[in-house]
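Given next are the chains, with one letter for each unit.
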Amino acid sequence: MELSIILSVALAATMIVVVLVLIAIIVYQRWQIGDKNATLGRFIDENEKMRRKISKAGLL
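Reference entry: report on the structure contained in this document. These figures come from a predicted structure and were not determined experimentally. (Residues numbered from 1 in each chain as written. Predicted model: local features only at pLDDT ≥ 70, side-chain atom pairs only at ≥ 80, totals over all residues. Heavy atoms only, no water.)

## Describing the overall build of the chain
Quick note on the threshold: In DSSP terms, a helix is any run of H or I states spanning at least four residues, a strand is any run of E spanning at least two, and both are numbered starting from the N terminus. Our radius of gyration looks at C-alpha atoms and nothing else; its globule reference is 2.2 Å times the residue count to the power 0.38. Here, Shrake-Rupley sampling with a 1.4 Å probe gives the accessible areas, and only protein chains in the shown set may cover a residue. For this count, His and the chain ends are skipped, Lys and Arg are scored as positive, and Asp and Glu as negative. Lys charges are placed at NZ, Arg charges at CZ, Asp charges at CG and Glu charges at CD.
Secondary structure summary: the chain contains 1 helix and 0 strands in total. In summary, the chain has a C-alpha radius of gyration of 26 Å against a globular reference of 10 Å for 60 residues, an excess of more than 25%. Summarising its shape, the C-alpha atoms of the chain cover approximately 85 × 10 × 5 Å along the three principal directions. Carbon and sulfur atoms make up 70% of the accessible area of the chain, which totals about 5800 Å². Side chains of the chain carry 8 positive and 5 negative charges; the gap between the two charge centres is 14 Å.

Shown next, in the form of structure tokens:
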């Protein structure tokens, strides 16, 4: 009887830890994707500015 309670508590604790780790992984991945999107946005903006400068200079 006592062994089944210990196993139940251990299993519940393990499940909680696994769920928390999965949530942490999801949050980290979303943060990474957001950071990469911001970097890509800056790159696209800079590229567009350079194209406008080239067009104004008459090089294209």
